[in-house]
Structure formats: structure tokens, C-alpha cells
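Chains, contacts and geometry: an overview
Residue strings, one per chain:
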Amino acid sequence: FTPKSLAGKRLLVTAGPTFEAIDPVRGITNRSSGKMGFAIAQAAQEAGAEVTLISGPVALPTPRNVARIDVQSAQQMLDAALLHADAADIFIATAAVADWRPANSAEHKIKKTEGQATPALHFIENPDILATIAKTPAAASGKLYCVGFAAESDNLIEYASAKRKRKGIPLLVGNIGPNTFGQDDNILTIFDEQGHQQLPKASKRVLAKQLLQEIALRLQPAH
Ligand code: C5P
């Protein structure tokens, strides 16, 4: 693995949680810290790639020489990903995208009024960003290499292999979740057409480098 093994490659990565508005001051989010995605963005940049990082709301500094696009909702994250996917060679979806969003986000702050009924939230499904990008012509033709993440609390091998096929992607990275959220260390298992392989417990920085090495090995030779 040479230090510049991703030279000339363009990498697009999603990171962090999404924030789904209930009204202008309230919303639904999750506890993803964005650390894994930011570590991948930084390691890819150091390996010579041109990196675009689409991030939900996180408290992390932008890695050096990485183009960062901040978004809030899953829909905004999808729009940004679609805008940049065509130009990319690698798409890595690390974001913990909210599965559902409130069906109607109120235009004005919902007031708490004495004697009024507690508001009820109704949800609709969010788009699956990874599955959508995996269906674009760039990905379908093999030009854009798509990588997903999966956090499973049990049956990792079975669930993650099934998820890779369901999402239509060549590589899926499994971790035992959700206790990896916010942690600096992780254990990753990578699943591809051939089977699976574990990357032992290490910092997200070290794992990011190892994962990018595995991806570089699997990229189609340039033609
Ligand atoms: O289906 P699940 O949420 O477990 O899949 C996780 C993978 O799919 C991650 O790579 C995540 O970034 C991606 N994903 C996505 N859009 C969604 C849900 C998940 O890109 N709406």
C-alpha cells in the first residue's frame, strides 16, 4: 500500500447523522458522531484522493484539503450525493441516515398550549441514499465503486451479507453496533462477493486506512 494509492481517484463520502425537522426549532436525529466518515475522508485525502465529504450535523473539524458540504436532512444528503456521484470513482456511505422523517414539518414553532392535546408525530420513509446511488448508471457500469456500512447488534455475518446484496453494492463494512457510536475504536468486518474478512480492533483512523487499502485493491484498473 503506497502512501498515494488513491492518487487521481475522486472519493465521495457521507458522514454523521441526519436531522429531520419537526418544526423550525425541533427535530429528530441520532447519536452518530461522524468520526468514521471523517477518518475515511482524511485517510483518503492523505492517500492522494480528491475528497468530497457530505456531512450531517457533527462537531468535528474538516480534514485538511477535503471539500465539505454540510446538510441537515436525508433528502438534502441525497441531493448532494446525486450531484457529486457522477464525477466520483468511489462512494462510501458511512452516514447514519434517519430511516423516517416527520410527514409534515411545521412552518412555525409548535406552541405548547394549556389544555391542548399532545401533538402526534406521523412519519414517512426517507430515501435510501446508498441504494439510490448504487442504481445510478455510473455505479451500475462499475465506474463508481460503492461501499456501505452496517451496524448490527447480532447475527452480523448473516445480516451484513444479506444487506450487501439487497443494496446492490460490491463491498459492505459491518460493525457491531450501536455501541461503536462516538467511540474512537472499532472492529470492522468487510463483506464482498467472495466472503468476509475481519479487520481487528483498532482506532477509526487506522481502520480507515486499512479499509481504503482493501478498496484500492478492488478498483477496476484505469482504462
Ligand atoms: O439499511 P441500513 O440503514 O442498515 O444501511 C446502512 C448503510 O446504508 C450505510 O452505509 C448507510 O450510510 C446507508 N444508508 C443510506 N441511506 C439510508 C439508510 C442507510 O445511505 N436512508
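What counts as what
- Residues numbered from 1 in each chain as written.
- Predicted model: local features only at pLDDT ≥ 70, side-chain atom pairs only at ≥ 80, totals over all residues.
- Heavy atoms only, no water.
- Near = heavy atom within 4 Å.
- Polar contact = N/O pair within 3.5 Å; in protein donor to acceptor, adjacent residues only side chain to side chain.
- Areas by Shrake-Rupley, 256 points an atom, 1.4 Å probe, with all protein chains shown as cover.
- Helix = DSSP H or I, 4+ residues; strand = E, 2+ residues; numbered from the N terminus.
- Nonpolar A, V, L, I, M, F, W, Y, C, P; charged D, E, K, R; others polar.
- Core = buried A, V, L, I, M, F, W, Y, C linked by side-chain atoms within 4.5 Å.
- Buried < 20%, exposed > 50% of the residue type's maximum accessible area, 1.4 Å probe, protein only.
- Pairing = 2+ DSSP bridges.
- Axes fitted to C-alpha atoms, helices over the stretch in contact; angles between N-to-C directions.
- Contact = heavy atoms within 4.5 Å.
- Expected span 1.5 Å × (residues − 1).
- Arc of directions from axis to C-beta.
- Salt bridge = Lys/Arg side-chain N within 4 Å of Asp/Glu carboxyl O.

The protein is annotated in an unreviewed UniProt entry as Coenzyme A biosynthesis bifunctional protein CoaBC from Lampropedia aestuarii.

1. Brief notes about the site of the ligand
Neighbouring the ligand are A93, T94, A95, V97, P127, D128, I129, L130, G148, F149, K163 and K167. Within the contact set of the ligand, a nitrogen atom lies 2.8 Å away from a backbone nitrogen or oxygen of P127. Here F149 contributes a backbone N or O atom positioned 2.8 Å from an oxygen atom of the ligand. Burial of the ligand by the protein chains amounts to 85% of its free accessible area of 440 Å². Those elements giving two or more residues to the shell around the ligand turn out to be α3 (129-134), β9 (145-152) and α5 (156-167). Of the residues in the shell around the ligand, the class split is 7 nonpolar, 2 polar and 3 charged.

2. Concerning the nonpolar core
Core analysis: the biggest nonpolar cluster contains 34 residues, and L11, I40, I92, L212 and I215 have the highest contact counts within it. Sorting elements by how many residues they give to this core places helix α1 (residues 35-46) first, with 7 residues. Residues V71, I129, A139 and L156 belong to the second largest nonpolar core, which totals 26 residues.

3. Considering the pairing of strand β4 (residues 50-55)
Remember that side chains alternate between the two faces of the sheet whenever the strand is regular. Of all 6 residues that make up β4, 5 are buried, and the element is covered over most of its length. Note that strand β1 (residues 10-15) and β4 share 6 bridges and pair parallel. Paired with T14 across the strands is I54, a residue of β4. Across 4 bridges, β4 lies against strand β5 (residues 67-70) in parallel orientation. When the sheet's bridge partners are listed, S55 is paired in β5 with D70.

4. Notes on the sheet that holds strand β11 (residues 185-192)
Strand order in the open sheet made by the 8 strands is β5-β4-β1-β6-β9-β10-β11-β12, with mixed pairing throughout. Edge positions in the sheet fall to β5 and β12 (195-203), since each has one partner strand and no second. Geometrically, the sheet is characterised by an average inter-axis angle of 20° between neighbouring strands, direction not taken into account. In terms of strand pairing, strand β10 (residues 171-176) meets β11 through 3 bridges, oriented antiparallel. In the strand pairing of β11, V173 is matched with I190. Each of β1, β6 (90-93), β9, β10, β11 and β12 is contacted by helix α6 (residues 204-218), which is oriented at about 150° to β12, the strand it contacts most.

5. A word on α5
The terminal C-alpha atoms of α5 lie 16 Å apart, and with 12 residues this matches the ideal 16 Å at 1.5 Å per residue to within 8%. Residues of α5 that are buried include every one of L156, A160, K163 and R164, and no others. An end-on view of α5 places all buried positions within 100° of arc, on one side of the element. Along α5, exposed side chains directed more than 90 degrees from the buried face belong to E158, K165 and R166.

6. Observations regarding α1
For α1, which comprises 12 residues, the first-to-last C-alpha distance of 16 Å matches the rise-based estimate of 16 Å (1.5 Å per residue) to within 8%. Of all 12 residues that make up α1, 9 are buried, and the element is covered over most of its length. Every buried residue of α1 is listed here: M36, G37, F38, A39, I40, A41, A43, A44 and Q45. Positioned one or two residues after α1, G48 has a phi angle of 100°, which is positive.

7. Comments concerning the pattern of salt bridges
Per the stated rule, a full pass over the model turns up 10 salt bridges. We note a salt bridge from R164 to E193, for which the minimum N-O separation is 3.3 Å. Linking R164 in helix α5 with E193 in the loop between β11 and β12, this pair joins segments that are 29 residues apart in sequence. Residue classification places E193 among the exposed residues on the basis of a relative accessible area of 61%. The network of salt bridges with common partners includes D192, E214 and R218.

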